[in-house]
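Architecture and fold: a report
Here is how the chains run, residue by residue.
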Amino acid sequence: MNRDEIDKKIREIIASRTNDQSIFSLSGDDPLAKLGIDSLAFGWIVADVEDTFDFMMMGSDVMKLKTMNMAVDYVEKKIL
C-alpha cells in the first residue's frame, strides 16, 4: 500500500465515523482538530485504523498525531 492509498483510507475512516466529508478537503498540514472530532468518535477512528492496517497504536503516539500528514507518516512506518 502506498502513501496515497494510506491517506485515502484514513480519510475514509474519519468520514465514516464523523459523518463529515470535510476531511476530504483538509490539506495534509491542516490540524485534525479543525474537524471537531469528539473523544468517542476519535476512539472508534483509532480502532478502525488499527483493524484496517493490522497494528496496535500506542496511546502516547496517538496524541502526537496532529495532522493528516502525521497520521499517514505514523501508519506508513508501522506497516512498511
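Residues numbered from 1 in each chain as written. Predicted model: local features only at pLDDT ≥ 70, side-chain atom pairs only at ≥ 80, totals over all residues. Heavy atoms only, no water.

1. A few points about the confidence of the model for the chain
Per-residue pLDDT for the chain has a mean of 95; in total, 100% of the residues score no lower than 70. No element of the chain has a lower mean pLDDT than helix α3 (residues 59-62), at 92, and none a higher one than helix α1 (residues 3-18), at 97. (pLDDT = per-residue confidence, 0-100. Helix = DSSP H or I, 4+ residues; strand = E, 2+ residues; numbered from the N terminus.)

2. Regarding the packing of aromatic side chains
In total, this model carries 1 aromatic pair according to the counting rule given. Relative to Tyr 74, the ring of Phe 55 has its centre 6.0 Å away and its plane inclined at 55°; by these criteria the two rings are tilted. Linking Phe 55 in the loop between α2 (39-53) and α3 with Tyr 74 in helix α4 (residues 68-79), this pair joins segments that are 19 residues apart in sequence. By relative accessible area, Tyr 74 is classed as buried at 11%. (Phe/Tyr/Trp six-rings, centres within 6.5 Å; stacked < 30°, edge-to-face > 60°. Buried < 20%, exposed > 50% of the residue type's maximum accessible area, 1.4 Å probe, protein only.)

3. A look at unusual backbone geometry
Phi is positive for Asn 19, close to 55°, though the residue is something other than glycine. Within the element layout of this structure, Asn 19 appears in the loop between α1 and α2. When its relative accessible area of 72% is taken as the criterion, Asn 19 is described as exposed. You will see that Asp 54, though not glycine, has its phi angle at about 60°, which is positive. Mapped onto the elements of the fold, Asp 54 is located in the loop between α2 and α3.

4. Comments concerning α4
Residues lying three or four places apart along an α-helix face the same way, a consequence of the helix completing one turn every 3.6 residues. Taking 1.5 Å of rise per residue, the 12 residues of α4 would be expected to cover 16 Å, and the 16 Å separating its terminal C-alpha atoms lies within 8% of that figure. Listed as buried for α4 are Met 68, Ala 71, Val 72, Tyr 74 and Val 75. Buried residues along α4 cover an arc of 160° about the axis, so they all sit on one side. Of the surrounding elements, those touching the buried residues of α4 are α1, α2 and α3. (Expected span 1.5 Å × (residues − 1). Arc of directions from axis to C-beta. Contact = heavy atoms within 4.5 Å.)

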